[in-house]
Amino acid sequence: MLANRKILIGVSGSIAAYKTIQLVRLLIKQGAEVKVVMTEAAKDFVSPLVLATLSKNEVLTDMFQENTWSNHVALGRWADLMLIAPLSCNTLAKMANGHCDNLLLSVYLSATCPVMVAPAMDEDMWHHAATIRNIKTLQQDGITVVQPGHGELASGLFGDGRMEEPENLLTAIDDFFRKGKATLTGKKVLITAGPTREAIDPVRFIGNHSSGKMGIALAQECQARGAEVTLVLGPVDLPARYEGMTIIQVTSADEMYNACHDHFQNADIAILAAAVADYKPEKISEEKIKKEAAATPELKLVKTKDILKSLGAIKDERQLLIGFALETQNEKANALEKLKSKNADFIVLNSLKDGAAFGSDHNKITIFSKAGAEVAFDQKSKAAVAADIIDTVTAGESTITV
Ligand code: CTP
């Protein structure tokens with residue numbers, strides 16, 4: 001569930017910061033992307049170098065670093081989740097009152113993603129009326145508080161206030177992403193992703209800029225929800241985590257068509273996110289076309305087979321078929337036309353005009369259903385978009401709000 005999730009860790013000044021090192025390691029192991037923001041005081045407890053090395057990202061502490069302004073708004077927008085661990089008594093009080101005198105607090109105040117905190121303090125501080133009031137304020141502000149545990153404290157006393165252990169924080173983050181998520185246990189999901197390449201001769205092809213990231217994010221989301229995933233993947237070069245997934249690597253639209261037809265019958269859900277070439281050269285030259293040839297070559301193109309349409313024609317009642325529509329104009333009309341003509345249950349529209357970009361880590365989508373529902377989403381990371389798509393298509397058409 002954490003693969004490709006973007007987690008922003010805020011570290012404030014507490015002895016428990018040593019546990020954050022282990023947390024960052026665990027998150028990275030799970031395939032999450034991690035960035036760290038620290039307060040000045042936190043640097044007394046843990047070295048930014050350690051966290052930078054483990055997270056593979058620069059650790060930010062100042063609004064201004066080496067003459068550059070750290071864009072706190074961009075950080076808050078980058079993340080799928082911000083976790084402040086450890087949350088010191090001082091940072092808690094500032095957050096509860098909207099103070100903004102360091103980078104961590106600026107990121108917190110401008111974060112558009114959900115925020116979690118893992119408090120760490122001595123028992124008497126934890127039970128102080130001011131702390132109780134501040135924690136309540138945070139909860140009223142929609143912040144998830146991971147309650148501290150009971151045990152030995154930095155003061156040598158035993159009591160409440162120990163920051164939750166890294167393994168349990170990892171579970172809390174995982175649970176957070178799973179909350180309310182439909183499970184796909186026992187379901188078989190077929191997904192296409194990436195571009196196709198249509199050979200002109202042994203060295204040239206017609207292709208497109210698709211990165212495959214959206215389809216791969218969908219495959220990971222379905223797998224995380226327990227599905228058995230078959231990913232038919234066009235030629236992309238991504239360091240993806242594929243363990244446990246069946247990957248069928250293809251190059252051309254014809255190969256993708258064949259792979260999809262081989263696996264569609266067994267599938268409960270098919271999601272066609274690939275950018276399939278619509279045309280291919282009528283003939284593939286066996287030898288490299290030389291420029292000395294008498295005339296400039298003319299490329300005669302023929303249509304490729306429409307995979308989505310062909311699956312729509314054979315799908316049965318129990319199967320869910322989801323297609324994508326990438327448009328540059330008349331977005332809604334074109335998406336609805338594709339929904340109908342290809343007999344899909346849902347069409348996910350992304351418009352190049354709307355910030356969707358090949359290779360980008362973000363996407364902004366609208367989902368149209370056969371039943372006439374239309375659900376628009378904000379721009380989000382592709383992992384979060386994948387979760388939205390799966391939530392929507394598994395929610396049942398009757399529960400979708402227009
Ligand atoms: N698709 C497909 N086989 C093709 C072309 C497209 O399965 N030969 C699928 C895509 O994977 C996507 C949907 O059809 O799920 C729509 O693709 P898109 O490129 O937006 O539209 P086209 O049908 O190709 O039409 P046009 O290029 O005219 O917009």
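(A) Main features of the overall build of the protein. In terms of helices and strands, the protein carries 13 helices and 23 strands. Looking at the protein as a whole, 50% of its 402 residues are labelled buried. Across the protein, contacts joining residues at least 24 apart in sequence account for 68% of those joining residues at least 6 apart. When the accessible surface of the protein is summed, it comes to about 19,400 Å², and 50% of that surface belongs to carbon and sulfur atoms. The protein carries 43 positive and 49 negative side-chain charges, and their two centres are separated by 5 Å.

(B) Summary view of the site of the ligand. Near the ligand you find 16 residues, and of these Leu272, Ala274, Phe324, Lys338 and Lys342 are the closest. Take Ala274: an N or O atom from its main chain is 2.7 Å from an oxygen atom of the ligand. With respect to the ligand, the side chain of Lys342 contributes an N or O atom lying 2.4 Å from an oxygen atom. Coverage of the ligand by the protein chains reaches 78% of its 570 Å² of free accessible surface. Of all elements in the fold, only α11 (307-314) and β18 (320-327) reach the threshold of two or more residues within the shell around the ligand. Here the shell around the ligand is composed, by residue class, of 9 nonpolar, 2 polar and 5 charged.

(C) Fine view of unusual backbone geometry. A cis amide bond links Ala85 to the next residue, Pro86, at an omega of 0°. Structurally, Pro86 can be placed in strand β5 (residues 81-87). In this structure, Asn4 is a non-glycine residue whose phi angle is positive, near 70°. As for its placement among the helices and strands, Asn4 is situated in the segment before β1 (6-11). The partly exposed category is assigned to Asn4, whose relative accessible area is 30%. We note that Asn330 has phi near 40°; this positive angle belongs to a residue other than glycine. Considering the arrangement of structural elements, one finds Asn330 in the loop between β18 and α12 (331-341).

(D) Focus on the domain arrangement of the protein. As assigned here, the protein comprises domain 1 (6-178) and domain 2 (188-393). The C-alpha centroid of domain 2 is placed 39 Å from the C-alpha centroid of domain 1. With 6 residues of domain 1 in contact, the opposing surface of domain 2 contributes 6 residues. In total, about 410 Å² of surface goes out of reach between domain 1 and domain 2, with carbon and sulfur atoms giving 37% of it. Scanning the region where domain 1 abuts domain 2 turns up 1 residue pair in polar contact (both at pLDDT 80 or more). Residue composition of the side of domain 1 that touches domain 2, by class: no nonpolar, 1 polar and 5 charged.

(E) Quick look at the packing of aromatic side chains. One pass over the structure, following the stated rule, counts 1 aromatic pair. Ring centres of Phe176 and Phe177 lie 5.5 Å apart, and the angle between their planes is 80°; this geometry places the pair in the edge-to-face category. By relative accessible area, which is 6% here, Phe177 ends up buried. Lying across the ring of Trp78, Lys35 places its NZ or CZ 4.5 Å from the centre. The ring centre of Tyr257 lies 4.2 Å from the NZ or CZ of Lys305, which sits over that ring.

(F) Just the sheet that holds strand β15 (residues 269-272), in detail. Across the sheet, which stays open at both edges, the 8 strands sit in the order β14-β13-β10-β15-β18-β19-β21-β22 with mixed pairing between neighbours. Because the sheet does not close on itself, it has two edges, and the strands there are β14 (246-249) and β22 (374-376). The average angle at which neighbouring strand axes cross in this sheet is 15°, direction not considered. Inspection of the sheet shows β15 paired to β18 by 4 bridges, in the parallel sense. Note on β18: the bridge partner recorded for Leu272 is Gly323. Its contacts with the sheet place α12 against β18, β19 (346-351), β21 (365-369) and β22, and it is angled at close to 150° to β19. On the sheet, helix α13 (residues 382-394) packs against β15, β18, β19, β21 and β22 and is oriented at approximately 15° with respect to β21.

(G) Spotlight on the sheet that holds β1. Here we have 5 strands laid out as an open sheet, ordered β2-β1-β5-β6-β7, and parallel in their pairing. What marks the edges here is a single partner per strand, and that holds for β2 (33-38) and β7 (144-145). Where β5 meets strand β6 (residues 115-119), 4 bridges bridge the pair, whose relative direction is parallel. Counterpart to Leu87 in the pairing with β6 is Pro119. Sheet strands touched by helix α5 (residues 103-110): β1, β2, β5 and β6. Its angle to β5, the strand with the most contacts, is close to 140°.

Thresholds, definitions, all that
Residues numbered from 1 in each chain as written. Predicted model: local features only at pLDDT ≥ 70, side-chain atom pairs only at ≥ 80, totals over all residues. Heavy atoms only, no water. Helix = DSSP H or I, 4+ residues; strand = E, 2+ residues; numbered from the N terminus. Buried < 20%, exposed > 50% of the residue type's maximum accessible area, 1.4 Å probe, protein only. Contact = heavy atoms within 4.5 Å. Areas by Shrake-Rupley, 256 points an atom, 1.4 Å probe, with all protein chains shown as cover. Lys, Arg positive; Asp, Glu negative; His and termini not counted. Charge placed at Lys NZ, Arg CZ, Asp CG, Glu CD. Near = heavy atom within 4 Å. Polar contact = N/O pair within 3.5 Å; in protein donor to acceptor, adjacent residues only side chain to side chain. Nonpolar A, V, L, I, M, F, W, Y, C, P; charged D, E, K, R; others polar. Domains from an automatic or database assignment. Buried area = accessible area lost by both parts, 1.4 Å probe. Phe/Tyr/Trp six-rings, centres within 6.5 Å; stacked < 30°, edge-to-face > 60°. Lys NZ or Arg CZ within 6 Å of the ring centre and 35° of its normal. Pairing = 2+ DSSP bridges. Axes fitted to C-alpha atoms, helices over the stretch in contact; angles between N-to-C directions.

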